[in-house]
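# Structural description and commentary
One letter stands for each residue in the lines below.
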Amino acid sequence: MRPPVTDIAAPAAPQMKPWIEAIHAYVPGKSKAADGRRLVKLSANENPLGTSPLALAARAEAVPPALYPDPDSTALREALGALHGIDPARIICGTGSGELLTIAASAFAGPGDDVLYVRYGFSLYEIAARRCGAQPVEAPDRDYGTDVDALLAAVTERTRVVFIANPNNPTGTFLTRAELARLHAGLPSQVLLVIDQAYAEYVPPEADDGGIALAQAHANVLATRTFSKAYGLAGERVGWGTGAPAIIAALNRIRGPFNIGNGAQAVALAAVADQDFVERTRAHNNAERARFAARIEALGNHGLRAVPSEANFVLVLFEGALSASTALDGLAQRGYAVRHLPGQGLPQALRITIGTAEQMAEIAAALGEMAEAAR
Ligand SMILES: *Cc1c(COP(=O)(O)O)cnc(C)c1O
C-alpha cells in the first residue's frame, strides 16, 4: 500500500509544469469597447462577406448531433484532395488549423529542441513550442517581412520545426515561390518545415507559393490551410494540412479523436464546392486592400505606412505624431475594433482587417483626421 502523503513541503495545489507556466494565453481580437459598446470587429481577420449560402444550407444535412462524427472527415478530405490534386490519404483535418500547428510542434519537438520562426510571426507558434517543452527561437525580420537568410542562419542542430506563415500574420508579408523553395532547400532534411497558408486563398492563383507542391514532393514539409478566413467559417473550427504519409500518420496519433463535428464537416464540404464564393471573397478583399493601402500611403507625410500585404488585413505603422494607441482609441470611439499588438513587439502598429468598402473608407478618413489633429 502507498503511504499517505504527509510531506509538509508538498504544494497545496496541483503545480503547472514550468514550460506551461511560461505561456501567455492566446489573445483573441476584441469586439467590444472598454465601456462595453459593441464595435465593428475588424480585429480577427474574419470574412466581411460572411459565409457561402450553399455552405450554410448544408447544415441541415449534417449527421445528427446524437451521433459521433466521421473520425477521419473522409468526405471532406476527398473533396479537398480533388480540389487541390492531392491524395486524400496525405490530408489531415484539424479543429481549425490551430490544432494542426500545435500538434506538429508536439509530434516533432520536445524538451531540448528548438522551434524556429520569424520575429512578428503568428503568436500561436510560441505557444505550440512551449506547450511541448521546446524552446521557441525567433529569427530577425527584414522590415517586417520574412528574411530567409536570417531564418536559415538561426538553424542549429537543436532545430526540429520551422514555422512560416505565408502570407504572414500580423504583417501580411509574402514569400514568393522561389524564396520559399530556397528556404526549404536550405533546411536540413530532419527539420520539419510547417508552411501555414491560412491566407493562401487571397493570393492570386498565379502567385501561389508552391507550399502544397513542396508538401507533396518532400518528406519534411507540412502545409496547412483553414476554413476560418476566405471560406468564412471561423466559428466552425475546421482546418487541414497535407504532407508526407509519415508526417500525417504522426499527427493522426495525437489529434483529437472525432475532432471535426458533424455540422462542421457538412458545412466545410459544401464550402469546398462553392469556389465562386472564395473567388468573390478574394476579388473584394484585394480590391479594397489596394484602395485602403493607397489611402494610408497618402498619409505618409503624417508618418503612416502600410506594410505590403497579400492577406485580408493591412498592418499600418504609425511613425509620426499620431501613435497607434491613440489611433486605436479614436477608432474605438468611432465604432471600430482593430488589432493592437504591443505584446508582440508592435506597439507602433495596428492590424486592420479588410471589411466592407464603406468601413474601409470611414477608417481611412478617421485616421486622416486624427493624424491632422495630432500634428
Ligand atoms: C487565422 C490563422 C490561422 C487559422 O486558425 P484556425 O485555427 O484555423 O482558425 C492559422 N495561422 C494563421 C497565421 C492565422 O492567422
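Note that the coordinates shown come from a computational prediction; the quantities given were computed from them, not determined experimentally. (Residues numbered from 1 in each chain as written. Predicted model: local features only at pLDDT ≥ 70, side-chain atom pairs only at ≥ 80, totals over all residues. Heavy atoms only, no water.)

Glancing now at the pairing of strand β13 (residues 346-353). The element β13 is extensively covered by neighbouring structure, given that six of its eight residues are classed as buried. In terms of strand pairing, strand β10 (residues 313-318) meets β13 through five bridges, oriented antiparallel. Within β13, the residue paired with V314 across the bridge is I352. Of the strand pairs in this sheet, strand β12 (residues 339-341) and β13 are connected by three bridges, and their pairing is antiparallel. The partner of H340 across the bridge, within β13, is L350. Where β12 folds back on β13, the antiparallel hairpin that results is connected by four residues, among which G345 adopts a positive phi of roughly 80 degrees. (Buried < 20%, exposed > 50% of the residue type's maximum accessible area, 1.4 Å probe, protein only. Helix = DSSP H or I, 4+ residues; strand = E, 2+ residues; numbered from the N terminus. Pairing = 2+ DSSP bridges.)

A few words now on the domain arrangement of the protein. In terms of domain boundaries, the protein breaks down into domain 1 (27-49 + 277-374) and domain 2 (53-273). With 26 residues of domain 1 at the contact, the number on the domain 2 side is 23 residues. Carbon and sulfur atoms make up 59% of the area that domain 1 and domain 2 hide from each other, which totals about 2000 Å². For domain 1, the biggest contributors to the area lost against domain 2 are R282, E310 and Q344; these three give 27% of the whole. One can count one salt bridge joining domain 1 with domain 2. A salt bridge links R305 to D143; the nearest nitrogen and oxygen atoms lie 3.3 Å apart. (Domains from an automatic or database assignment. Contact = heavy atoms within 4.5 Å. Buried area = accessible area lost by both parts, 1.4 Å probe. Salt bridge = Lys/Arg side-chain N within 4 Å of Asp/Glu carboxyl O.)

For the pair helix α12 (residues 324-333) and helix α13 (residues 357-374), interaxial distance at closest approach is 10 Å and the crossing angle is 125 degrees. Accordingly, the angle class assigned to the pair α12 and α13 is oblique. As for how α12 packs across α13, the hand of that crossing is right-handed. Along its contact with α12, which presents T326, A327, G330 and L331, the element α13 presents I363, A366, L367 and M370. (Axes fitted to C-alpha atoms, helices over the stretch in contact; angles between N-to-C directions. Parallel < 35°, antiparallel > 145°, perpendicular 65-115°, else oblique. Left-handed = near helix turned anticlockwise from the far one by under 90°.)

All right, on to the side chain of T51 then. Relative to the elements of secondary structure, T51 occurs in the loop between β1 (40-41) and α2 (53-58). Here G232 takes part through its backbone oxygen, which lies 2.6 Å from a polar atom of the side chain of T51. Apart from residues no more than four positions distant in its own chain, T51 is found in contact with L56, Y231, G232, L233 and F277. (Polar contact = N/O pair within 3.5 Å; in protein donor to acceptor, adjacent residues only side chain to side chain.)

L76, L193, F227 and W240 are the most contacted members of the largest nonpolar core, which has 45 residues in total. Broken down by element, this core gets its largest block of residues, six residues, from helix α10 (residues 262-273). Viewed by domain, this core spans two of them, domain 1 (27-49 + 277-374) and domain 2 (53-273), each represented by three or more residues. When near neighbours in sequence (up to four residues on either side) are disregarded, L193 contacts V162, I164, L183, H184, L187, N220, V221 and L222. In terms of nonpolar packing, the next biggest core, distinct from the first, is built from 27 residues, I92, A134, F163 and I247 among them. (Core = buried A, V, L, I, M, F, W, Y, C linked by side-chain atoms within 4.5 Å.)

This brings us to the site of the ligand. Near the ligand, the surroundings consist of 13 residues, among which D196, Y199, T226, S228 and K229 are the closest. At 2.7 Å from an oxygen atom of the ligand is found a side-chain nitrogen or oxygen belonging to N169. K229 is positioned with one of its side-chain polar atoms (N or O) 3.2 Å from an oxygen atom of the ligand. Taking 390 Å² as the accessible area of the ligand by itself, protein coverage stands at 91%. The element that contributes the greatest number of residues to the shell around the ligand is helix α4 (residues 96-108), accounting for three residues. The class makeup of the residues in the shell around the ligand is four nonpolar, six polar and three charged. (Near = heavy atom within 4 Å. Areas by Shrake-Rupley, 256 points an atom, 1.4 Å probe, with all protein chains shown as cover. Nonpolar A, V, L, I, M, F, W, Y, C, P; charged D, E, K, R; others polar.)

Our next topic: the side chain of E288. You can see E288 is positioned in helix α11 (residues 275-297). A distance of 2.8 Å separates the side chain of E288 from the side chain of R291, its partner in a polar contact.

The next subject is helix α3 (residues 74-84). Taken residue by residue, α3 has L76, R77, L80 and G81 as its buried positions. Down the axis of α3, the buried set is contained in an arc of 135 degrees. They therefore lie on one face. Elements that come into contact with the buried residues of α3 comprise β2 (91-94), β8 (239-243) and α10. The first or second residue beyond α3 is G85, which carries a positive phi of 70 degrees. (Arc of directions from axis to C-beta.)

Further remarks concern the sheet that holds β13. Read from one edge to the other, the open sheet built from four strands follows the order β9-β10-β13-β12, with strand pairing classed as antiparallel. In this open sheet, the two strands that pair with only one neighbour each are β9 (304-306) and β12. For this sheet, the mean angle separating the axes of adjacent strands, direction not counted, is 30 degrees. Running at roughly 35 degrees to β13, α12 makes contact with β10, β12 and β13 of the sheet. Contacts from α13 reach β9, β10 and β13, with the element oriented near 150 degrees to β13.

With that settled, consider the pairing of strand β6 (residues 192-196). Burial analysis of β6 places five of its five residues in the buried class, the great majority of the element. Of the two faces of β6, the one holding L192, V194 and D196 and the one holding L193 and I195 are both buried throughout. Examined bridge by bridge, strand β5 (residues 159-165) and β6 share five bridges and lie parallel to one another. Within the sheet, the bridge partner assigned to I164 lies in β6 and is I195. You can see the chain leave β5, run along helix α7 (residues 177-186) and come back into β6, and the turn it takes is right-handed. Inspection of the sheet shows β6 paired to strand β7 (residues 221-226) by four bridges, in the parallel sense. Bridging across to β7, D196 finds its partner in T224. The β-α-β motif built from β6, the intervening helix α8 (residues 211-217) and the parallel element β7 has right-handed crossover chirality. (Right-handed = clockwise from strand over helix to strand, strands pointing away.)

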